[in-house]
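# Inside the fold
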Amino acid sequence: MPFATRLIPSLLVSLATLASASAFAQQALPTGVEAALARAKVSRETVTMLVVDADGTRPPRLAWRSQVPVNPASMMKLVTTYAALDLLGPAYSWNTPVYVEGTVNNGVLDGNLYIKGQGDPKLVLERVWLMLRHVQGLGITTVSGDIVIDRSAFENTVENDPSAFDGEPLRPYNASPDALLINFKSINMTFAPDRAGQIARVSYEPPLASVAMPATVPLVPGECGDWRTALRTDFSDVNRIRFNGGFPAACGEKSWAVAYGDPRTYGMRALGGMWAEMGGRVGGQMREGRVPPGLKPAFEFGSPPLAEVIRDINKYSNNVMAQQVFLTIGLTQKNRGTFEASRSALGQWWRDRIGTGEAQPVFENGSGLSRDERISAAALGKMLQVAWRSPVMPELMSSLPASGVDGTLKKRALRSGGAAHLKTGTLRDASGVAGYVHGASGRRYVLVAIANGENAGATRAAFDALVDWAAQDN
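Figured I'd write up the structure that's included with this text. Note that this is a predicted model, so its numbers are computed, not measured. Residue indices follow the written sequence of each chain, beginning from 1 at its first position. Restriction of local features to residues with pLDDT of at least 70 applies here, the model being predicted, together with a cutoff of 80 or more for giving and counting side-chain atom pairs; totals for whole chains, interfaces and linings are based on all residues. With hydrogens and water stripped out, all remaining heavy atoms of the structure feed into the side-chain values.

## Points about the sheet that holds strand β7 (residues 186–194)
So the rule is basically this: Only strands joined by at least two bridges in the DSSP assignment are considered to pair. Helix and strand assignments come from DSSP, with helices taken as H or I runs of at least 4 residues and strands as E runs of at least 2, each series counted from the N terminus.
Within the open sheet, the 5 strands sit side by side as β12-β9-β8-β7-β13. Their pairing is mixed. Every other strand in the sheet has two partners, leaving β12 (247–248) and β13 (254–259) as the edge strands with one partner each. Relative to β13, β7 is paired through 6 bridges, and the arrangement is antiparallel. Bridge pairing links Phe191 to Lys254 in β13.

## Here's the deal with the nonpolar core
Inclusion rule: As used here, the term nonpolar core means buried Ala, Val, Leu, Ile, Met, Phe, Trp, Tyr and Cys residues forming a set that is joined through side-chain atoms within 4.5 Å. Each residue is assigned to one of three classes by its accessible area relative to the maximum for its type, calculated with a 1.4 Å probe on protein chains only: buried under 20%, partly exposed between the two thresholds, exposed over 50%. Working rule for contacts: check all heavy atoms of both residues, and any pair within 4.5 Å makes them a contact.
Judged by nonpolar contacts, the single largest core of 54 residues is most densely connected at Val79, Tyr82, Trp349, Leu380, Met383 and Val448. Contact partners of Leu380, with chain neighbours within four places excluded, come to Met75, Leu78, Val79, Ile375, Ala434 and Val448. The next biggest cluster of nonpolar side chains, apart from the first, holds 48 residues, and it includes Leu109, Tyr204, Phe247 and Met274.

## Considering the packing of helix α2 (residues 31–40) against helix α12 (residues 460–471)
The condition is simple: To obtain each axis, a line is fitted to C-alpha atoms, and for helices this fit is confined to the stretch in contact; angles are then taken between N-to-C directions over 0 to 180 degrees. Working definition: roughly parallel below 35 degrees, roughly antiparallel above 145 degrees, roughly perpendicular at 65 to 115 degrees, and oblique for all remaining angles. Side-chain classes are defined by residue name, with Ala, Val, Leu, Ile, Met, Phe, Trp, Tyr, Cys and Pro counting as nonpolar, Asp, Glu, Lys and Arg as charged, and the others, Gly among them, as polar.
Running from N to C, α2 and α12 cross one another at 175°; their axes reach a closest spacing of 8 Å. Here α12 runs roughly antiparallel to α2, going by the angle between their axes. Between α2 and α12, the contacting residues are Gly32, Val33, Ala36 and Leu37 on the first element and Ala461, Ala462, Ala465 and Leu466 on the second. Residue composition of the contact of α2 with α12, grouped by class: 7 nonpolar, 1 polar and no charged.

## Observations concerning the pattern of salt bridges
This is how the line gets drawn: In what follows, salt bridge is the name for a side-chain nitrogen of Lys or Arg lying within 4 Å of a carboxyl oxygen of Asp or Glu.
Enumeration over the complete set of coordinates arrives at 19 salt bridges. Glu308 serves as the salt-bridge partner of Lys122, at 3.3 Å between the closest nitrogen and oxygen. Here Lys122, found in the loop between β4 (108–116) and α4 (125–137), pairs with Glu308, found in helix α7 (residues 306–316); they are 186 residues apart in sequence, far enough to count as distant. Residue Lys122 is classed as buried on the basis of its relative accessible area, which comes to 17%. In this structure, the salt-bridge partner of Asp194 is Arg201, at a minimum N-O distance of 2.8 Å. Here Arg201 falls in the partly exposed class, since its relative accessible area comes to 46%. Through salt bridges that share partners, Arg151, Asp178, Lys185, Arg264 and Glu288 make up one connected network.

## Quick notes on the packing of aromatic side chains
Cut-off, in case you're wondering: Working definition: a ring pair exists when centres of Phe, Tyr or Trp rings (six-membered ring for Trp) sit within 6.5 Å. Plane angles under 30 degrees give stacked, over 60 give edge-to-face, the rest tilted. Two limits define a charge over a ring: the Lys NZ or Arg CZ must be within 6 Å of the ring centre, and within 35 degrees of the ring normal.
One pass over the structure, following the stated rule, counts 12 aromatic pairs. Arranged with centres 6.2 Å apart and planes meeting at 50°, the rings of Tyr260 and Tyr266 form a pair that is tilted. One exposure class covers both Tyr260 and Tyr266, and it is buried. With centroids separated by 6.2 Å and ring planes inclined at 70°, the aromatic side chains of Trp349 and Trp350 adopt a geometry described as edge-to-face. The burial state of Trp349 is the same as that of Trp350; both residues are buried. Ring-pair connections join several aromatic residues into one group, and the members of that group are Phe191, Trp227, Phe235, Phe243, Phe247 and Trp256. Lying across the ring of Trp64, Arg44 places its NZ or CZ 4.3 Å from the centre. For Arg61, the ring lying beneath its charged end belongs to Trp469, and the centroid distance is 4.3 Å.

## What to know about helix α10 (residues 377–388)
An α-helical turn contains 3.6 residues, so a residue and the one three or four places further along point in the same direction. Put simply, the rule reads: In a helix, the anticipated span is given by 1.5 Å times the number of residues less one.
For α10, spanning 12 residues, the distance from its first C-alpha to its last is 16 Å, which sits close to the expected 16 Å at 1.5 Å a residue. In terms of residue burial, α10 counts as a mostly covered element, since 10 of its 12 residues are buried. Contact partners of the buried residues in α10: β1 (47–53), α3 (77–88), α9 (339–354), α11 (393–399), β18 (430–438) and β19 (444–452).

Pasting the structure below:
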């Protein structure tokens, strides 16, 4: 067959493909979605949407500006958590080794105790308490030397200014990752009114060593209202918490989680405070250092498995846990606990696993708490299709909020009564959902909907309408 003759069918196929792609790019949006965008005064040119079969065997039901790279906000956690499942496996866990240097006699360790962080994302207070109880189980109630924290697994370049992102340094979501991340570097303060004494009793979790924490605050009259402002709390001195106001008696018991003002020393202060509360003593000091070469761990304290960790990350959109996982990918794949190593590892994984058919995402910290991370709806949709066919699909899907059931979608049930597992994302200028929708026909769909712009937060009703439209496919 002459070359020109052979070329004609191929050319026709290519032209048909381009025509189809063009049609999808220009197709009308579902009526309910279009109407919701109009009510919210959001331009359709600021949103990107994709609805396509999870198995990837049919053309998209909807593809609107799906090739445009956008800021995905917390939906970037989908990439981080799926990559971690794929590279590390659902059973992967983090170990925190504890080292005893010296001899133990009559409850006294004649030497130093070392605790080496290796990135455990879920070293919350209950688990720190269990780790310290294990130390006491070795017969140690007093450390005559120092308790030394080794944070060297993650290089100090991962530490950020907590106020840099949005000027809110006391918000726990701005906590920086840490090789020894204890309780997300936060303090939970609970205020319990005592009307007879006209005070509110204040309890702190954890107690922080060398930080003065007032046990009471005066009660004040009036409605509860903005009770945090009424307290007039002063966190400017990292060695002392001050309340210059009062707590409204009408509030009842309230809790307030804040990030500690000196995040670098938080781990030492938390461990020191908890050790003292458990009856432990330290003859030397709490300090940062390195485990001596050749010293073998007395025990290793294990984390929950990755499959459990990513449930917390995706269902509740935990930023610092996502960054811990992101850095762990760099540490395990590139032997360096830095964002740069993790970006390199994620980029290589994307090329190998997802391919080069769509533009590669722009990674920064893997949590979506970023102004620079970018991904297109087509690229994220393709990754979700690959994940659907993956052996770890059940772990990924079960980590996503279920519409009307739990996580960040607990109060967002579908009007159609359908079901969806979707990761949400919200920043000042980015908002959306992405994940899997269960169609009434029995089919499963990948759905991605992202808005960028000043009015991005107003798209919630439109995206809910899109999920309902995707679910009603019969």
